[in-house]
Amino acid sequence: MVPLTSSKPRRTAKEVALDCLSRRALTHYELETRLKEKGYESLEINAVLEKLREWGYLNDQELAVMYSKSRLKRYSRRRVQQDMHNRGLEPELIEQALGQNYSSDEEFEQCLTLAERWWVQEAKRWEHKIDVEKTKKTIPRELWLQQKIARKLIQRGYPSDMVRNVLSHIQDNQGE
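As a starting point, this report considers the structure included with it.

Criteria and thresholds
Residues numbered from 1 in each chain as written. Predicted model: local features only at pLDDT ≥ 70, side-chain atom pairs only at ≥ 80, totals over all residues. Heavy atoms only, no water. Helix = DSSP H or I, 4+ residues; strand = E, 2+ residues; numbered from the N terminus. Rg over C-alpha atoms; globule rule 2.2 N^0.38 Å. Buried < 20%, exposed > 50% of the residue type's maximum accessible area, 1.4 Å probe, protein only. Contact = heavy atoms within 4.5 Å. Areas by Shrake-Rupley, 256 points an atom, 1.4 Å probe, with all protein chains shown as cover. Lys, Arg positive; Asp, Glu negative; His and termini not counted. Charge placed at Lys NZ, Arg CZ, Asp CG, Glu CD. Patch = residues over 30% accessible without salt bridge, like charges linked within 9 Å, V, L, I, M, F, W, Y side chains within 5 Å. Salt bridge = Lys/Arg side-chain N within 4 Å of Asp/Glu carboxyl O. Core = buried A, V, L, I, M, F, W, Y, C linked by side-chain atoms within 4.5 Å.

**Re the overall build of the chain**
Step number 1: For the chain, the helix and strand inventory stands at nine helices and zero strands.
Step number 2: Reading the secondary structure of the chain in the N-to-C direction produces α-α-α-α-α-α-α-α-α.
Step number 3: In terms of overall dimensions, the chain is more spread out than a globule: its C-alpha atoms have a radius of gyration of 24 Å, far above the 16 Å expected for 176 residues.
Step number 4: Taken over the C-alpha atoms alone, the chain extends approximately 75 × 50 × 20 Å along its principal axes.
Step number 5: Looking at the chain residue by residue over its 176 residues, the buried ones come to 35%.
Step number 6: Long-range contacts, defined here as pairs at least 24 residues apart, represent 64% of the contacts in the chain between residues at least 6 apart.
Step number 7: As displayed, the chain has an accessible area near 11700 Å², and 50% of this comes from carbon and sulfur atoms.
Step number 8: Of the charged side chains in the chain, 32 are positive and 28 negative, and the gap between their average positions amounts to 7 Å.

Next comes the structure, spelled out in structure tokens:
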């Protein structure tokens, strides 16, 4: 007869930590939190985290730089800064990483690129909407497009003054 309880020995904090890090890069804070949630003692957690740092498996500075680079094409500086803060990175590391990867000119260009792409997509949606709802009165096309795109850009964390400038730039180019 097979016993109903598992006779498998409990995994060590180091095994769990390595398993977590094999799936995705984690910050010191994230890994510490996961180990605490699994019920490991603080002394054991601290020893494991220190060993992983020595081995180079846990490096918040490197993670901050990689994370900010990977998010550069899709999100604003403010959004990436908030995401990094939520992951438990130190403010100094966040500023250092963002300073290396974000410039206001690049951020404006990225915002403009997203807005231009979305302008085309939303214009197609507008045309479809008008075809379907011929009898309904709707707001003017330009205003509808501006509102949709502004909402999307602000959700991505772009400052409202930058969004206004980008939309103004697109409209100026549309008129040419």
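There is more to say, and it comes next.
**Let's talk about a nonpolar patch on the surface**
Step number 1: A surface patch of nonpolar side chains, amounting to about 320 Å² of accessible area, comprises L18, W55 and Y57.
Step number 2: Considering the arrangement of structural elements, one finds W55 in helix α3 (residues 42-55).
Step number 3: W55 gets classed as partly exposed once you look at its relative accessible area, which sits at 43%.

**As for the side chain of E107**
Step number 1: With respect to the helices and strands, E107 occurs in helix α7 (residues 104-132).
Step number 2: We note that E107 is buried and unpaired, the nearest opposite charge coming from R77 at a distance of 6.1 Å.
Step number 3: Setting aside residues up to four positions removed in sequence, E107 forms contacts with S76, R77, R78, Y158 and M162.

**Considerations on the nonpolar core**
Step number 1: Counting residues in each nonpolar core, the largest one holds 19 residues, and the members touching the most others are I149, L153, Y158 and V166.
Step number 2: Ranked by residue count, the leading element in this core is α7, at eight residues.
Step number 3: The next biggest cluster of nonpolar side chains, apart from the first, holds 14 residues, and it includes A17, L21, L35 and I45.

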